[in-house]
Amino acid sequence: MPLTRQAPELTDRAALSRQRNRAARNPALFLHEAAAAELQERLAEVNRTFTAPALIAPFAEPWRSALPDAVVVQDDETLALTPGGHDLVVHALCLHWASDPVGQLIQCRRALRPDGLFLAVLFGGQTLAELRACLAEAEVAQRGGLSPRVLPMAEIRDLGALMQRAGFALPVADAVPFNISYRDLSALMHDLRAMGETNAMTARPRQFAPRALFDTAAEHYAARYPAEDGRIKASFEMVWLTGWAPAENQPRPLRPGSAKARLADALGTQETPLPDALPIPTVDGTGAAIDLRAKAVKSVRNGSHSSFPEQQDQADMPDGKNDAAQTHATATASAACPAHHVRPGEGRLAHAPADHPSVPKARTGVLLANLGTPDNHDYWSMRRYLNEFLSDKRVIDYPAWKWQPLLQLVILTKRPFTSGAAYRSIWNNEANESPLMTITKQQTAAIRERMQTRYGDQVMVDFCMRYGNPSTPSKVRAMVEAGCERILFFPLYPQSAGATTATANDKFFSALAQEKWQPAARTVPAYFDQPLYIEALAQSVQRAWDAMEEKPDLLVASYHGMPKRYLLEGDPYHCQCQKTTRLLRERLGWPEDRIITTFQSVFGTEEWLRPYTVEHVAELAKAGKKRIAVIAPAFSADCIETLEEINEEIKESFEHAGGESFTYIPCLNDEPAHIDALSAVIEDNLKGWLD
């Protein structure tokens, strides 16, 4: 998606100003008051007196008690701050409305004197997550689409990264969630108007929403997010950002290994060596992480329909299906097994002292890798997955200061809903996982059986995902702990591309960089011209052709697309796709006009590799090609791009244009011929390690 050099205008500043002026006549600033009380506590912990503070706030009054002498500045896109004129800058509950948050942070840093303190508090994380979900579901049901109605909220990890990007020293980000109960949805909306926090996005709908939309949303809200006494709950998450203007006299971490004394000596205690295998820490039965601090809210609004139950600090901790503990436990159990362990006096530990820790037997690992999959199809699972995927510089190579605000504040507000609906339509409900996960497990099991038959227990076979779980680092760690001193990394992409094979290799090498005992490593290159792979493709096409009474007019080989610019910059993917089609056609013995190459999954307005599959199949139908078959040679396993995009969206485009018969030929998946081809590639790349 091409971006201009200016930051995208996410906020309609005129509309925001009108809403704040209206709110000022009868304000409900209890969240500002709670944040101001928290600010006072945080400043009290700083051993410094500030003489030139500045306050950036749309409503200054609640903050006066904390900063009585501060210069008050409005949160315009260009802040009226004097460069180097302040020793404290506080950005008070308005940074979430900035079209260019990085620019705001940089302006604040420049306004600070050396070693000056910056504090910001803004709404983020899961703020109004319930309202967003209910409005989205109601609008999809009634109008068949989504409109930007609730301001997107940035995640704490991304905000911390923006602090680093802005040049702050010692940046810290933490979150303080509030759970507030309301009488009903209209009471919540009333408070949002009185806070000046209603919709002021530039892309907001300009016509009045039908009453039925809010009635439906209110029904969903009451059913899904009930509080006590028939009320509803609303989440507000205040993200606090802390940083310092760089200065020469600031503390810096010492170089690792430079300590002059042992910690045990300083504490006057006995040092206890760790055991070979460490127990895995667990959370309590509720699945909740340990709270570092909990305290009562000091400012409570005594209104007719809102109340604070309590307030807690929330650490920035991973959630959901974190696979690291599970894979670590599996690897530790395997390494601890006597059958896989070498002890002092045996094998390569024949000359080791008796107290030397045992080590796993040397093995070779084969690590298969595919693109990735969300843990589930709900909003937050989809957002986490898409955030990791679309933040990869190999996938979207725009500068972070341009791309991240658009990604975090616009794309990740809408796309988790639409992508989640697409995943929901193909989800493997029995296993509660995506088809890609199911098929990759099946491929791994089949290849593991082949490798064990050939090499015995010398080889360990497993799989990982570039994005999502199981992560590449967790599987590399598991293989190292299981004794793998050599790892063959196999990205399951027949054709090589920067956004697929290269980024998978990047993640693999990054994981290796964390290992103290680093295994030898090889990566498998593109295998599109491997004879057994072409044979497997040809067999799948021939089976489909033989099963049809009326043969298709032609075969469409649809590959995942990429910007044309990547081809011009040297990416080999386009050429390898064209050669794959040619080799398949030659193996089938077909004329050139019987099979064509197209590209799918176009994103944004930048020109991508052509022709576009979704458009070209419609042109074929209009040109009289009423019967077509589609194959996806770039995918080793069926996934969202094949099961949903090809077999639903592209099929619909063809039929809408007059097409009569559309046949999707599934990916090779765990077909025996495909497993033969993949196993042959692995064995070829293991030569010299295992012969």
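For clarity, every value in this text was computed on a predicted model and none was experimentally measured.

K.L.:
Before we go on, may I ask you to explain the pairing of strand β3 (residues 86–92) in this structure?
P.N.:
Within β3, seven of the seven residues are buried, which leaves the element mostly enclosed by the surrounding structure. Sheet topology note: the strand β1 (residues 53–56)/β3 ladder contains four bridges and is parallel. Within β3, the residue paired with P53 across the bridge is L88. For β3 and strand β4 (residues 112–123), the ladder comprises six bridges, and the chain directions are parallel. The residue bridging A92 from the neighbouring strand is V121, located in β4.

K.L.:
What exactly am I supposed to notice about the packing of helix α4 (residues 129–143) against helix α7 (residues 211–224) here?
P.N.:
A pair of packed helices can be characterised by two numbers: the angle between their axes and the separation between those axes. Across the interface, α4 lies against α7 with an axial gap of 8 Å and an inter-helix angle of 130°. By the criterion of interaxial angle, the relationship of α4 to α7 is oblique. Here the hand of the crossing between α4 and α7 comes out right-handed. Contacts from E130, L131, C134, L135, E137, A138, E139 and Q142 of α4 reach α7 at A212, L213, F214, T216, A217, H220, Y221 and R224.

K.L.:
Just to check I follow, could you spell out a negative patch on the surface for this structure?
P.N.:
Together, E648, E649, E652 and E655 make up a region of like negative charge exposed at the surface. Assignment of secondary structure puts E648 in helix α19 (residues 640–656). Looking at E648, the relative accessible area reads 36%, which means it is partly exposed.

K.L.:
Just checking my understanding: could you explain the side chain of S636 for this structure?
P.N.:
The residue S636 is located in the loop between β18 (627–631) and α19 in this model. Leaving out residues up to four positions away in the same chain, S636 has contacts with N370, Q443, L492, Y527, C667, L668, N669 and H674.

K.L.:
Please explain the sheet that holds strand β13 (residues 459–468) as it appears in this structure.
P.N.:
What links the strands of a sheet is backbone hydrogen bonding, and the strands pair in either a parallel or an antiparallel sense. Read from one edge to the other, the open sheet built from four strands follows the order β13-β12-β14-β15, with strand pairing classed as parallel. The strands lining the two open edges of the sheet, one partner per strand, are β13 and β15 (520–523). Sheet twist, expressed as the average angle between the axes of neighbouring strands with direction ignored, equals 25°. Here four bridges tie strand β14 (residues 484–491) to β15, and the two strands are oriented parallel to one another. When the sheet's bridge partners are listed, L488 is paired in β15 with R522. Against the sheet, helix α10 (residues 379–390) engages β12 (363–373) and β13, with an angle of about 95° to β13. Of the strands in this sheet, β13, β14 and β15 are in contact with helix α14 (residues 498–512), which crosses β14 at around 160°.

K.L.:
Would you mind going over the confidence of the model for the protein chain with me for this structure?
P.N.:
Caution applies to low-pLDDT regions: their predicted coordinates should not be interpreted in detail. Taken over all residues, the pLDDT of the protein chain has a mean of 84, while the share at 70 or more is 87%. Contacts from residues 1–7, a stretch scored under 50 in pLDDT, to residues over four places away or in other chains number 18 contacts. Below a pLDDT of 50 lies the segment residues 276–339, which in the model reaches 105 contacts outside its immediate sequence neighbourhood of four places, other chains included.

K.L.:
Even after reading the chapter, I still don't get the sheet that holds strand β17 (residues 595–600), so can you show me in this structure?
P.N.:
Judged by pairing direction, the sheet is parallel, and its four strands sit side by side in the order β17-β16-β18-β19 without closing on themselves. On the outer flanks of this sheet lie β17 and β19 (661–665), each paired with one strand and no other. Within this sheet the neighbouring strands show an average axis-to-axis angle of 25°, counted without direction. Of the strand pairs in this sheet, strand β16 (residues 554–560) and β17 are connected by six bridges, and their pairing is parallel. Paired with S558 across the two strands is T598, which belongs to β17. Against the sheet, helix α17 (residues 573–588) contacts β16 and β17, and its axis sits at roughly 150° relative to β17. Contacts from α19 reach β16, β17, β18 and β19, with the element oriented near 165° to β19.

K.L.:
Where do I start with a positive patch on the surface in this structure?
P.N.:
Taken together, R18, R22, R25 and R193 make up a surface patch of like positive charges. In terms of residues, the positive patch owes the most to one element, helix α1 (residues 13–25), which gives three residues. Judged by relative accessible area, which is 39%, R22 ranks as partly exposed.

What counts, and where the lines are drawn
Note that residues are indexed from 1 along each chain, following the sequence as it is written. Only residues with pLDDT of at least 70 get local features here, since the model is predicted, and only at 80 or more are side-chain atom pairs given and counted; chain-wide, interface and lining totals rely on the full set of residues. Side-chain measures were taken over the full set of non-hydrogen atoms in the model, leaving aside hydrogen atoms and water. Throughout, exposure labels follow a simple rule: accessible area from a 1.4 Å probe, protein chains only, divided by the maximum for the residue type, with under 20% read as buried, over 50% as exposed, and the rest as partly exposed. For the purposes of this entry, the term helix denotes a DSSP run of H or I that reaches at least four residues, the term strand denotes a run of E that reaches at least two, and both are numbered from the N terminus. Two strands qualify as a pair provided DSSP detects at least 2 bridges between them. For helices, the fitted axis covers only the stretch in contact; all axes are lines through C-alpha atoms, and the angles between them, taken along N-to-C directions, range from 0 to 180 degrees. Small angles under 35 degrees read as roughly parallel and large ones over 145 as roughly antiparallel, with 65 to 115 read as roughly perpendicular and the rest as oblique. If you view the pair so one helix is near and one far, a crossing is left-handed when the near helix is turned anticlockwise from the far one by less than a right angle, and right-handed when it is turned clockwise. Throughout, a residue-residue contact means that at least one pair of heavy atoms, one from each residue, lies within 4.5 Å. Patch membership is restricted to residues that have no salt bridge and whose relative accessible area is over 30%. Joining uses 9 Å for like charges and 5 Å for the nonpolar side chains Val, Leu, Ile, Met, Phe, Trp and Tyr. Values of accessible area rely on a 1.4 Å probe in the Shrake-Rupley scheme; residue burial ignores everything except the protein chains shown. Salt bridge, as used here, is a side-chain nitrogen of Lys or Arg placed within 4 Å of a carboxyl oxygen of Asp or Glu. His is not counted here, nor are the chain ends, while Lys and Arg score as positive and Asp and Glu score as negative. Charged side chains are reduced to one point each, which is NZ for Lys, CZ for Arg, CG for Asp and CD for Glu. Per-residue confidence from the predictor is reported as pLDDT, a score between 0 and 100.

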